[in-house]
Amino acid sequence: MDTLKELESIDLMDSEETSSQFYKDVVNGLKAPQKHLSSKYFYNEHGDILFQKIMNCKDYYLTRAEMDIFQNSSAQLADGIRANASAFDLIELGAGDATKTFHLLKYLKEQNTDFRYLPIDISGYILDILENNLFASLPNLSVCPIQGDYFEALQKACELSSNRKVILFLGANIGNMSPKESLNFCRKLSQNLTKGDRIIIGFDLKKNPATILKAYNDNEGFTSQFNLNLLVRINQELKGNFNIANFEHYQTYDPETGACKSYLVSLCKQEVTIGSETISFTQSESIFMEVSQKYALTEIEKMAFESGFKPILNCFDTHNYFVDAIWEVA
Ligand SMILES: C[S@@+](CC[C@H](N)C(=O)[O-])C[C@H]1O[C@@H](n2cnc3c(N)ncnc32)[C@H](O)[C@@H]1O
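Residues numbered from 1 in each chain as written. Predicted model: local features only at pLDDT ≥ 70, side-chain atom pairs only at ≥ 80, totals over all residues. Heavy atoms only, no water.

1. So, the overall build of the chain
Next, step 1: Along the chain, the regular secondary structure elements total eleven helices and 13 strands.
Next, step 2: A compact globule built from 330 residues would reach a C-alpha radius of gyration of about 20 Å, and the chain, at 20 Å, matches this within 12%.
Next, step 3: Expressed along its principal axes, the backbone C-alpha trace of the chain runs to roughly 60 × 45 × 35 Å.
Next, step 4: Going through the 330 residues of the chain one by one, you find that 53% of them count as buried.
Next, step 5: Put simply, 74% of the contacts in the chain that link residues at least 6 apart link residues at least 24 apart.
Next, step 6: Carbon and sulfur atoms form 48% of the exposed surface of the chain, whose accessible area is close to 14700 Å².
Next, step 7: Of note, the chain has its 31 positive side-chain charges centred 4 Å away from the centre of its 44 negative side-chain charges. (Helix = DSSP H or I, 4+ residues; strand = E, 2+ residues; numbered from the N terminus. Rg over C-alpha atoms; globule rule 2.2 N^0.38 Å. Buried < 20%, exposed > 50% of the residue type's maximum accessible area, 1.4 Å probe, protein only. Contact = heavy atoms within 4.5 Å. Areas by Shrake-Rupley, 256 points an atom, 1.4 Å probe, with all protein chains shown as cover. Lys, Arg positive; Asp, Glu negative; His and termini not counted. Charge placed at Lys NZ, Arg CZ, Asp CG, Glu CD.)

In structure tokens form, the structure reads like this:
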């Protein structure tokens, strides 16, 4: 196996550049005819804590379903990615705290598989948690966390060694893009990889609309707090003056298109300043926050073929709520 050129963690984030990009994205988004904010900004320290609460709450079935796959089908997943048994770099995009991935990492280690783990995340806070947890539970695992945006960090990870690559993109993160954006994302992914590289990609499947809607309208109100936290973050980091009590979370699901969308609705006519900008809201005007797209299996296979992959294997949870699809770069 090639030696990784750098094994300590890598930080690709320039904090001044990052906050000026955050400001531009927020102002442009809130000045658009349909106001919108990018869900990648959900994940500051408090956002990470709230997301962990969402993942643990009863109504949010997604994490339990994918955890079921990683706990009970590790061997199947491992066989699906080991391919020709050559050494590989396991690169996870948006790794979060890697609690699900842990089961696969443990299984691969127990099988003496020759691999290294490179978790990528935009949040340095969650990467610190991940690194500490893995150091305590799998001390012999080589871990090289990379803090940065998906593709910039992936390019960095690919420069570190010439080993075969296996990419993990779990947690239905792909669902936080529209179907068109997902297709472009997968195309870009295959273009950044080499023939024979593989990916495991987690999709939330279309199911009873009531089950889906409940997952994003949890009784504890964590999803609502998670969305509102982005306004708090704008206040704290971009000199904003949102009155959080003047906004309310609203969720929709359309079983025809599979789009599950989060909005924040302005409860009154109001003006908000962010730095030197003033944003006006009419009563009931909405900010589109995030899509959580649901897919049918046929749509997933189509996406694989259209983006330069061939499907290898599908792993399901016991309720068939979720699929981790293994694809190979064609
Ligand atoms: C929905 S969580 C999923 C975490 C984990 N994959 C799981 O399945 O439990 C999404 C993670 O992706 C990260 N993330 C979101 N947008 C990102 C981006 N553009 N680049 C890198 N990481 C990103 C977030 O910080 C967060 O930890």
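Resuming the write-up.
2. Topic: the environment of Glu220
Next, step 1: Residue position: Glu220 is located in the loop between α9 (209-215) and α10 (222-237).
Next, step 2: The class for Glu220 is partly exposed, based on a relative accessible area of 42%.
Next, step 3: Separated by 126 residues in sequence, Glu220 and Gly94 have C-alpha atoms that sit 25 Å apart.
Next, step 4: In contact with Glu220, other than residues within four places in its own chain, are Cys57 and Gln225.

3. Focus: the site of the ligand
Next, step 1: The environment of the ligand is made up of 18 residues, and the closest members are Gly94, Lys100, Asp121, Asp149 and Gly171.
Next, step 2: Gly171 has a polar backbone atom sitting 3.3 Å from an oxygen atom of the ligand.
Next, step 3: Notes on the ligand: free accessible area 600 Å², of which the protein chains cover 94%.
Next, step 4: Looking at the shell around the ligand residue by residue, the classes come out as seven nonpolar, six polar and five charged.
Next, step 5: In terms of domain composition, the shell around the ligand takes at least three residues from each of domain 1 (34-57 + 209-291) and domain 2 (58-208 + 294-329). (Near = heavy atom within 4 Å. Polar contact = N/O pair within 3.5 Å; in protein donor to acceptor, adjacent residues only side chain to side chain. Nonpolar A, V, L, I, M, F, W, Y, C, P; charged D, E, K, R; others polar. Domains from an automatic or database assignment.)

4. What to know about the pairing of strand β3 (residues 115-121)
Each regular strand carries side chains that alternate between the two faces of the sheet.
Next, step 1: The element β3 is extensively covered by neighbouring structure, given that seven of its seven residues are classed as buried.
Next, step 2: Both faces of β3 are covered, namely the face carrying Phe115, Tyr117, Pro119 and Asp121 and the face carrying Arg116, Leu118 and Ile120.
Next, step 3: Bridge count between strand β2 (residues 88-93) and β3: six bridges; the pairing is parallel. Across the sheet, residue Glu92 finds its bridge partner in β3, namely Pro119.
Next, step 4: Regarding the hand of the β-α-β motif, the stretch spanning β2, helix α5 (residues 101-110) and β3 is right-handed.
Next, step 5: Relative to strand β4 (residues 146-147), β3 runs parallel, the two sharing two bridges. Along β4, the bridge assignment pairs Ile120 with Ile146.
Next, step 6: Considered for its hand, the β-α-β crossover made up of β3, helix α6 (residues 124-137) and β4 is right-handed. (Pairing = 2+ DSSP bridges. Right-handed = clockwise from strand over helix to strand, strands pointing away.)

5. What about the packing of helix α7 (residues 150-159) against helix α8 (residues 179-192)?
Next, step 1: Close contact between α7 and α8 brings their axes to 11 Å; oriented N to C, the two are set at 15°. Of the possible angle classes, the one that applies to α7 and α8 is roughly parallel. Once α7 is placed against α8, the crossing between them reads as right-handed. Residue-level inspection shows Tyr150, Phe151, Leu154, Gln155 and Cys158 of α7 in contact with α8, the latter providing Phe185, Lys188, Leu189 and Asn192. (Axes fitted to C-alpha atoms, helices over the stretch in contact; angles between N-to-C directions. Parallel < 35°, antiparallel > 145°, perpendicular 65-115°, else oblique. Left-handed = near helix turned anticlockwise from the far one by under 90°.)

6. Details of the environment of Ile300
Next, step 1: Mapped onto the secondary structure, Ile300 falls in helix α11 (residues 297-306).
Next, step 2: Distance in space between the C-alpha atoms of Ile300 and Phe203 is 8.1 Å, their sequence separation being 97 residues.

7. Brief notes about the pairing of strand β13 (residues 322-329)
Next, step 1: Where burial is concerned, most of β13 is hidden: eight out of the eight residues are buried.
Next, step 2: Residues Phe322, Asp324, Ile326 and Glu328 line one face of β13 and the alternating positions Val323, Ala325, Trp327 and Val329 line the opposite face, and both faces are buried.
Next, step 3: Where strand β6 (residues 198-204) meets β13, seven bridges bridge the pair, whose relative direction is antiparallel. Paired with Arg198 across the two strands is Glu328, which belongs to β13.
Next, step 4: Across seven bridges, the pairing between strand β12 (residues 309-316) and β13 is antiparallel. Paired with Lys310 across the bridge in β13 is Glu328.
Next, step 5: Between β12 and β13, which pair antiparallel and follow one another directly, the connecting turn spans five residues, one of which, Asn320, has a positive phi of 55°.

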